[in-house]
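An overview of the molecular structure
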Amino acid sequence: MLKPILISTPHMGDRELEFVQEAFATNWIAPIGPHVDAFEQEFCQVTGAGYAAAVSSGTAAIHLALRLIGVETGDEVFCSTLTFTATANPIIYQGARPVFIDSDRTSWNMNPNLLQEALEQRARIGKLPKAVVLVHLYGQSADIEPILQACNQYEIPLIEDAAESLGATYKGSSPGTFGSIGIYSFNGNKIITTSGGGMLVSQDQELVSKARFLATQARDPAPHYQHSELGYNYRLSNVLAGIGRGQLRVLYERVAARRRNFEIYSAALNNLPGIEFMPEADYGIATRWLTCLTINPAAFGADRETVRLALMEQQIESRPVWKPLHLQPIFAECECFGGAVAENLFASGLCLPSGSNLSTEELERVINSIQSVHEYTKKYLTIYS
Ligand SMILES: *Cc1c(COP(=O)(O)O)cnc(C)c1O
């Protein structure tokens, strides 16, 4: 039996258990607690964020961000189309409508020119969006400066979804710390994990305090439980924050390991016809959270799905690049500016196993499987041509 190789699994360091044991020893299982405070402070040190609120998921952080900015029923929110559905779902939670923006072919992230055009078009009809949600995909920062400039021109707050890009840089700083609010995720397959969790960051202390207030059921300062605003149960537990503190201490090792995966994959596969890896933009360092490539079927001899299924037969998990949100049944009614770039990346794009705990032998198994699909189809094509 072949041992399954999964796309991205949790990878604990040496300190996580110690922090968790400390929570047990002090019976600080709940409520919130000292690990949560320390995790928030340490997260700010690592990312350069001003203030941070630890929450139960990245999705919760996006929801809070939209609430804090005042997104309401009937509003429009601009959003990257090439992303996971959790980026846009909270827009619907708020009763607002997402309007999607296509990617740039070189960074795979939101095309700044298209955003500028979309904002100009909406300004002309007097219907500007309430916010822009920008995704930093697969460990790579979007081109933040021109995007921020376009947002500032129309005084639209920018929310950065850096769920997949903790540890990356944009001109030396952390994506997620440029906009009004940034969010991160510590879900099980992210570069570091608390088993489940998220972080909301901002330079605005009041905004982050308000996030904590809303995330703990919006309790007014009164001994009886009194509520003047709608709140949520979105805070991170002290036990899980302990895991997060341990994980933060190995973040840069995790980045190095994932970048090493990419180096090994690209050294072995880059010369195959029709294979192209996700480019690294020159404005920063990508973490290669997932190593992604595109397959041109005419040149390679097999399409993305053929390769994915061949890997699956070898007990290797790989995944198509995100299905663009404007193609998702749930967002079928939503408008999209452009879309062809994201559609092409979806049609041809594949994410390879990319965990920081993969062994060289496991990487070789993936490489050999992809090479043998190419060898097989080449032989096949020679026989029948
Ligand atoms: C994982 C992810 C989220 C959601 O984070 P959770 O912690 O799973 O709620 C949001 N956006 C993107 C781009 C993600 O990859």
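Note on numbering: residues in each chain are counted from 1, in written sequence order. Only residues with pLDDT of 70 or above have their local features reported here, since the model is predicted, and side-chain atom pairs are shown and tallied only from 80 upward, although totals for entire chains, interfaces and linings are computed over all residues. By convention in this description, side-chain values take in all heavy atoms of the structure and omit both hydrogens and water.

**Structural notes on the site of the ligand**
- In this text, near means that some heavy atom of the residue lies within 4 Å of the molecule or strand in question. The full set close to the ligand counts 14 residues, and T59, D161, E164, S185 and K190 are the nearest of them.
- Here a polar contact is taken to be a pair of N or O atoms separated by no more than 3.5 Å, where protein atoms must pair a possible hydrogen donor with a possible acceptor and residues adjacent in sequence count only if both atoms sit in side chains. G58 has a polar backbone atom sitting 2.8 Å from an oxygen atom of the ligand.
- Considered on its own, the ligand offers 380 Å² of accessible surface; in the complex 94% of this is hidden by protein.
- Under this grouping Gly is polar, as are all residues other than the nonpolar Ala, Val, Leu, Ile, Met, Phe, Trp, Tyr, Cys and Pro and the charged Asp, Glu, Lys and Arg. Class assignment of the residues belonging to the shell around the ligand gives a composition of three nonpolar, eight polar and three charged. Here the accessible surface of atoms and residues is derived via Shrake-Rupley with a 1.4 Å probe, and residues count as covered only by protein chains that are part of the display.

**Thoughts on helix 1 (residues 16–25)**
- Turning to helix 1, its buried residues number three or more, namely E16, F19, V20 and A23. Along the axis of helix 1, the buried positions cluster into a sector of 100°, meaning they face one direction only. Turned more than 90 degrees from where helix 1 packs its buried face, L17, F24 and A25 sit exposed.
- Against the buried residues of helix 1 lie helix 2 (34–47) and helix 8 (238–248).
- Each helix corresponds to a stretch of at least 4 residues labelled H or I by DSSP, and each strand to a stretch of at least 2 residues labelled E; elements are numbered beginning at the N terminus. Count one or two residues on from helix 1 and you reach N27, which has phi positive near 55°. Buried residues are those whose accessible area, probed at 1.4 Å on protein chains only, stays under 20% of the maximum for their type, while exposed residues exceed 50% and partly exposed ones sit between those limits. Comment: arc refers to directions from the helix axis out to C-beta atoms. It only takes one pair of heavy atoms within 4.5 Å for two residues to be counted as in contact.

**A short note on the UniProt feature "modified residue: N6-(pyridoxal phosphate)lysine" (unreviewed entry) in the protein**
- UniProt positions are given in the numbering used here, feature names are shortened, and annotations may be inferred rather than shown by experiment. Here, the residues flagged by UniProt with the feature "modified residue: N6-(pyridoxal phosphate)lysine" (unreviewed entry) are K190.
- Its place among the elements puts K190 in the loop between strand 6 (181–185) and strand 7 (198–202).
- Since its relative accessible area comes to 10%, K190 is described here as buried.

**Some details on the sheet that holds strand 3 (residues 97–101)**
- Taken together, the eight strands give an open sheet; going across it, the order is 1-7-6-5-4-2-3-11, and neighbouring strands pair in mixed fashion. Only two strands of the sheet have a single partner each, and these edge strands are strand 1 (51–55) and strand 11 (336–337).
- Strand pairing follows a simple DSSP-based rule, namely that at least 2 bridges must link the two strands. Taken together, the three bridges between strand 5 (residues 158–161) and strand 6 define a ladder with parallel strand orientation. By the bridge assignment for strand 6, I159 is matched with I181.

**Description of the side chain of T47**
- Its location among the elements puts T47 in helix 2.
- The contacts of T47, once residues within four sequence positions are left out, are L166, S174, T177 and Y184.

**Points about the pattern of salt bridges**
- Any Lys or Arg side-chain nitrogen located within 4 Å of an Asp or Glu carboxyl oxygen qualifies as a salt bridge. One pass over the structure, following the stated rule, counts 18 salt bridges.
- Residues K171 and E145 are paired through a salt bridge, measuring 2.8 Å at the closest nitrogen-oxygen approach. Taken together, the residues K171 in the loop between strand 5 and strand 6 and E145 in helix 6 (residues 144–153) connect sequence positions 26 residues apart.
- Between E280 and R259 there is a salt bridge; the shortest N-O distance is 2.8 Å. Of this pair, E280 sits in the loop between strand 8 (275–277) and strand 9 (292–295) while R259 sits in helix 9 (residues 251–269), placing them 21 residues apart in sequence.
- By relative accessible area, E280 is classed as partly exposed at 32%.
- Note on R259: relative accessible area 24%, which makes it partly exposed.
- It is possible to trace a salt-bridge network through shared partners that takes in E76, R97, R122, K127 and E335.

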